[in-house]
Amino acid sequence: MIRRIRRLVRLVVPLPRDLSLAWSTIKQRKGGFVGSFIAIAAGSAVITACGILLQSGLGTGVTPERYSGAAVGVGADQSFWLDESSAVRYSERVTLPADKVAAVAAVPGVRSAIGDVNVEVSMLTPDGDAVSGPHDFPVLGHGWSAAALAPFQVSKGRAPSAPGEVVLDADLAERGDVSLGATVRLVVGSIPSSYRVVGIATAPDGLDRQSAVFFTDEQATRLSGRPERVDAIGVLAAPGVTPSELAGRITAAVPGAVAKTGVGRGDVEFLDVGDARSLVVETAASFGGTMVLIVVFVVASTLALSVRQRRRELALLRAIGATPRQIHWMINAELTLVSFTGALVGAIPGVMLAFVMRGVFVLAGAMPPDFEMQVGVLPALAALVLCMISARLSGWLVARRVAKVSPVEALGDAAVEPKRLGWVRLIVGVLLIPLGLLLTLGNVASAGESVADTAASAVLLFVVALGCLGPLLLNGALVLFGWILSLRSTASGFLAQANARANWRRLSAATTPLAMGVTLAAMQVFGASTTIAGARHQLEDGLRADHVLTVSSGAGVSPEVVDAVRGVPGVAVATPVAQMQVLLTFPSEDSTATKVYAAQGVAPERLSETMDLAVIRGDVAGLRGEAVALSRIVAQTVHAKVGGTTELHLGDGTVIKPRVVAIYENGLGFGDITLPNDLVVAHTTSQVNTAVLIRSADGTDSKALIGALRGAVESYPTVQVGGREAFLAAPGAGGQGDWALNLLFQTVLLGYIAIAVVNTLVMATAARVREFAMLRLIGASQHQVRAMMNGEATIVVLSALLFGLLATIPPLIGFSLGLTRSPTPSISLIGLIAIVALTIALCWGAITIATRFAMRPGPVDAIGGRE
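Residues numbered from 1 in each chain as written. Predicted model: local features only at pLDDT ≥ 70, side-chain atom pairs only at ≥ 80, totals over all residues. Heavy atoms only, no water.

> I'm lost on the packing of helix H27 (residues 782-820) against helix H28 (residues 829-854) in this one. Help?
At a minimum axis distance of 10 Å, the contact between H27 and H28 shows a crossing angle of 150°. Overall, the two elements H27 and H28 adopt an arrangement that is roughly antiparallel. The crossing of H27 and H28 is right-handed. Here H27 contributes Arg786, Met789, Asn790, Ala793, Thr794, Val796, Val797, Leu801 and Leu805 to the contact with H28, which in turn contributes Leu832, Val836, Thr839, Ile840, Cys843, Trp844, Ile847, Thr848, Thr851 and Arg852. Residues of the contact of H27 with H28, tallied by class, amount to twelve nonpolar, five polar and two charged. (Axes fitted to C-alpha atoms, helices over the stretch in contact; angles between N-to-C directions. Helix = DSSP H or I, 4+ residues; strand = E, 2+ residues; numbered from the N terminus. Parallel < 35°, antiparallel > 145°, perpendicular 65-115°, else oblique. Left-handed = near helix turned anticlockwise from the far one by under 90°. Contact = heavy atoms within 4.5 Å. Nonpolar A, V, L, I, M, F, W, Y, C, P; charged D, E, K, R; others polar.)

Here's what the structure looks like:
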């Protein structure tokens, strides 16, 4: 038993003499291990970057500012929990009942509990320009009692005591050039009011991501529009009570309260910090998990190619008496050194990649710019372990075949490449094609989003089919089109075609991964272009408004503005539009499922004159009270019918069960869920509209109407009149940064695949040193050899593009049918050119460089060297 354990340990942990021998082998065969080293280093960099993002999302955040003096910050649960480990964030702030303040104050150890409300404010200069917060962060109004949570100290003047009095923080007063006793105009929503500045206050550590305006508590409550709700509760602890102890008591004593201490108080104070934390953790975990699988696959395939190129060496070792265990020990030790070194080297650029990804998150608006990154050893250690495990496992699998066969068979296998594909590989590849067609075009998926999602996912089946049948497809292409790709009229063309026909298995090792990369890239690019084009087409065709009201600053357009413009001569219809994200819960198999959808709130009166939703069934005129209209895709997904009900969680967590009054087609352009406007406005954080759509009466002069509208909104200084393009350019409720995040992940994914493809091409080409030497010894010039390789590169590029793009057609058709009911996807010309150019650059660049490297030794020296 002890002997078996020792053998197992030696298989897993190489002895020092094994490592010494492995290092000697690596030094003699540097070229064979460079590709494996690069694949492992790149994989380690990606895994390390995802690990740093995940660690940062779990452990860091933003330091609280106005709550810096509070021991505990208490807020409502901002997430809807799908299960014990995963949750979806609500898009609007979830508030607490005002009576929770008294409940928290009654908890033992609480010195005082102070309720706080946030009112987004625009402070105007005498010229009408808005004064923003630091770094364009918002200006927020609060009740004066909440000033004790920093605590703010009045440096000039006094606290507010009347509804028309305010206290400004010192930085805001300086930026707005406001002095004590001055009168300022503050806009809440779109409603301006004048206030007298009775005090200037300062916080101990200043304000870096907000500006503060303090009203009386009663005025702040009135402006918030929610007299019986508070946004958060700041808790001051009694002497001798620790924050963590107090937070535990509050959580246990007050149902529905989420108590945070330390940096976690920033999540309660700043809604965007909690949103960013949740998004970073979710995306880093999911994308990191996907990348781990891809890294394992790429590292395994690269190492397999490296070991296969040593078939003669390994076969000779078997022939002179090496045992299977010794073969395993040798490869085990080599891969231990390569994977350990590669993983360590890759961790350094992995840290830089993490900060690049953070920059994209910030650019997309998904992460605040002051969100701190936490760089530790755990992500690098995880990358090291994963890369070493994948390398060792792949090395064992590759060496297993060589180690099992007899020495005579090993030499025979090494001498000639197999000319047929394995039956299992062939059968799997053939069966995957009709299965992929069935999933994309056979309507086997459930209706709704499942159709498009299944079609998009089915591309993986075609990618695997390419991997299985790639050599066979390449051989068929050479038989049919080889004479076109490499003409026999020149010696180099003849050599390229003859070499390709004779070594099609070797050439397919370069073609297949390139074709798989083309398929994945094309599906990502053209799937995105199809979605964007479909949404744009629905929005442009469905928007019938002539003019649009938006705001230059502040939260949005107040409902009072709608009443002001409806009476303007020449205005036929004025439709307010509010946007948010909602959660829809529906039965799914034996349980329930919850999905996030973009929603809009509109007034139903004469809606079709400003917005055409392309109603299929029902009537949007019924959008009153608790009613909802669903897009076709959503209705099919949740199996909803007109007259039925569904369960919705609004942006602030409120649960309703509205009746379905209509089903429409234009969900991509206007949002998948349409609700009554007053319902949506009441449950948004700022209780305002995103825009107001104006349809002019027939025969109305456009310039005259614009002038009349500007006159009607003159008393609302932040409201501006624009054309329909103002609504077309506005981001939807689904999040304007989604495209940037998708682009980031696609770039990282495809970039790593590109590294794998270049690795394969370089390794496969560089291993042909003796072949090039033989050609030169029998009379071929260096130019002819390079021309031959250019011919082979042409075959690889054209074959990869042909197979890769053909494999994308069925998934794209199914995806387009599911989203837009049209079988014609939108092909981005720029995207197509980029894919073709990148394919050519990767292939020709890798093969050209590797060919020059392989021809550096003299022919006589190279012909006698190792393979």
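Still to come is the rest of the account.
> Which parts of the structure should I look at to understand the packing of aromatic side chains?
The description of an aromatic ring pair uses the distance of the two centres, along with the angle that the planes make with each other. Enumeration over the complete set of coordinates arrives at three aromatic pairs. Measuring from ring centre to ring centre gives 5.3 Å for Tyr195 and Phe215, while their planes differ by 65°; the resulting arrangement is edge-to-face. Of this pair, Tyr195 sits in strand E12 (residues 191-202) while Phe215 sits in strand E13 (residues 211-215), and the two are 20 residues apart along the sequence. There is no split in this pair, since Tyr195 and Phe215 are both buried. Put simply, the rings of Trp144, Phe152 and Phe214 pair up and form one aromatic cluster. Over the ring of Phe270 we find Arg209, and its NZ or CZ is 4.4 Å from the ring centre. (Phe/Tyr/Trp six-rings, centres within 6.5 Å; stacked < 30°, edge-to-face > 60°. Buried < 20%, exposed > 50% of the residue type's maximum accessible area, 1.4 Å probe, protein only. Lys NZ or Arg CZ within 6 Å of the ring centre and 35° of its normal.)

> Mind showing me how you'd approach the sheet that holds strand E1 (residues 72-76) here?
Strand order in the open sheet formed by four strands is E5-E15-E1-E16, and the pairing between neighbours is antiparallel. The sheet terminates laterally at strand E5 (110-116) and strand E16 (257-260), the two strands that pair on one side only. On average, adjacent strands in this sheet sit at an angle of 25° to one another, irrespective of strand direction. Each of E1, E5, strand E15 (232-237) and E16 touches helix H7 (residues 243-253); the most contacted strand, E1, lies at about 25° to it. (Pairing = 2+ DSSP bridges.)

> So what exactly am I meant to see when it comes to the pairing of strand E8 (residues 139-143) here?
Counting buried positions over the five residues of E8 gives five, a clear majority of the element. Both faces of E8 are covered, namely the face carrying Val139, Gly141 and Gly143 and the face carrying Leu140 and His142. One ladder, built from five bridges, connects E8 with E13; its direction is parallel. When the bridges of E13 are listed, Leu140 appears paired with Ala212.

> Please clarify how helix H19 (residues 559-566) should be interpreted in this entry.
Every α-helix carries 3.6 residues per turn, so stepping three or four residues along brings you back to the same face. Within the span of H19, buried status applies to Val561, Val562 and Val565. Within H19, the buried residues cover an arc of 105° as seen down the axis, which keeps them to one side. Where H19 is buried, its residues touch strand E17 (547-551), strand E18 (571-588), strand E26 (691-696), helix H23 (702-712) and strand E27 (719-723). (Arc of directions from axis to C-beta.)

> Before we go on, may I ask you to explain the side chain of Glu65 in this structure?
Counting through the fold element by element, Glu65 comes out in the loop between helix H3 (30-59) and E1. Arg209 provides the closest opposite charge to the buried, salt-bridge-free Glu65, at an N-O distance of 5.4 Å. Looking at Glu65, its side chain comes within polar contact range of the main-chain nitrogen of Asp208, at 2.9 Å. Separated by 3.1 Å, the side chains of Glu65 and Gln210 make a polar contact. When sequence neighbours within four positions are dropped, the list of residues in contact with Glu65 reads Ala150, Gly206, Leu207, Asp208, Arg209, Gln210, Glu269 and Phe270. (Lys, Arg positive; Asp, Glu negative; His and termini not counted. Salt bridge = Lys/Arg side-chain N within 4 Å of Asp/Glu carboxyl O. Polar contact = N/O pair within 3.5 Å; in protein donor to acceptor, adjacent residues only side chain to side chain.)

> Just checking my understanding: could you explain the nonpolar core for this structure?
Among soluble globular proteins, nonpolar side chains are generally buried collectively. Of all hydrophobic cores here, the largest spans 77 residues; its most connected members are Phe287, Phe361 and Cys843. The biggest single contributor to this core is H27, with 14 residues. Every residue in contact with Cys843, bar those within four places of it in the chain, is listed here: Leu514, Leu761, Ala793, Val796 and Val797. Among the nonpolar cores identified, the runner-up in size contains 26 residues, and Val110, Ala237, Val241 and Ala257 belong to it. (Core = buried A, V, L, I, M, F, W, Y, C linked by side-chain atoms within 4.5 Å.)

> For this particular structure, what's the right way to read a negative patch on the surface?
Residues Asp171, Glu174, Asp205 and Asp208 make up a contiguous surface patch of negative charge. Tracing the backbone through its elements, the reader meets Glu174 in helix H5 (residues 170-175). Residue classification places Glu174 among the exposed residues on the basis of a relative accessible area of 63%. (Patch = residues over 30% accessible without salt bridge, like charges linked within 9 Å, V, L, I, M, F, W, Y side chains within 5 Å. Areas by Shrake-Rupley, 256 points an atom, 1.4 Å probe, with all protein chains shown as cover. Charge placed at Lys NZ, Arg CZ, Asp CG, Glu CD.)

> Would you take a moment to explain the pairing of strand E11 (residues 183-188) for this structure?
Remark: a regular strand shows side chains that alternate across the two faces of the sheet. As judged from the four bridges shared by strand E6 (residues 119-124) and E11, these two strands associate in the antiparallel manner. Counterpart to Ser122 in the pairing with E11 is Val187. Both E11 and E12 contribute to a ladder of six bridges, which runs antiparallel. Directly across from Arg185, in E12, lies its bridge partner Ser194. In sequence, E11 turns back onto E12 through a hairpin of two residues, with Gly189 there showing a positive phi of about 70°.

> Explain empty space enclosed by the protein here, please?
Left-over empty space is what a probe sized like a water molecule reveals as it rolls over the atoms. For the structure on display, the rule yields four cavities of 30 Å³ or more. Of the volumes computed, that of the largest cavity is approximately 90 Å³. Considering the residues around the largest cavity, the lining is formed by eleven residues, among which Leu507, Ala510, Thr765, Arg768 and Glu792 are closest to the centre. For the lining of the largest cavity, the secondary structure elements donating two or more residues are helix H18 (504-542), helix H25 (738-766) and H27. Class assignment of the residues belonging to the lining of the largest cavity gives a composition of seven nonpolar, one polar and three charged. (1 Å grid on protein atoms, 1.4 Å probe; cavity = no way out; pocket = protein on both sides within 12 Å on 5 of 7 lines; lining within 4 Å. Points joined across faces, edges and corners; volume = space filled by probe spheres on them.)

> Just to check I follow, could you spell out the environment of Ser799 for this structure?
On the secondary structure map, Ser799 appears in helix H27. As for Ser799 and Ser508, which are separated by 291 residues in sequence, their C-alpha atoms are 9.5 Å apart. Setting aside residues no more than four positions away along its own chain, Ser799 makes contact with Leu474, Thr511 and Gly804.

> In this structure, what is going on with unusual backbone geometry? I would like to understand it.
That bond from Ala150 to Pro151 is cis: its omega, -5°, falls within 30 degrees of zero. Positionally, Pro151 belongs in the loop between E8 and strand E9 (153-157). If you check the backbone angles, His639 has positive phi at about 60° while not being a glycine. By secondary structure assignment, the location of His639 is in the loop between helix H20 (632-638) and strand E22 (647-649). Assessed through its relative accessible area of 58%, His639 is described here as exposed.

> Which parts of the structure should I look at to understand the side chain of Thr95?
Inspection of the secondary structure puts Thr95 in the loop between strand E3 (87-89) and strand E4 (96-97). Contacts of Thr95, omitting those with residues within four sequence positions, involve Ala76, Arg226, Arg229, Val230 and Asp231.

> Any chance you could explain the environment of Asp612 here in plain terms?
As for its placement among the helices and strands, Asp612 is situated in the loop between strand E19 (591-602) and strand E20 (615-618). On a C-alpha basis, the gap between Asp612 and Leu543 in space is 6.3 Å, while along the polypeptide they are 69 residues apart. A distance of 3.1 Å separates a polar atom in the side chain of Asp612 from a polar atom in the side chain of Arg544.

Function-wise, these values are silent; they only describe arrangement.
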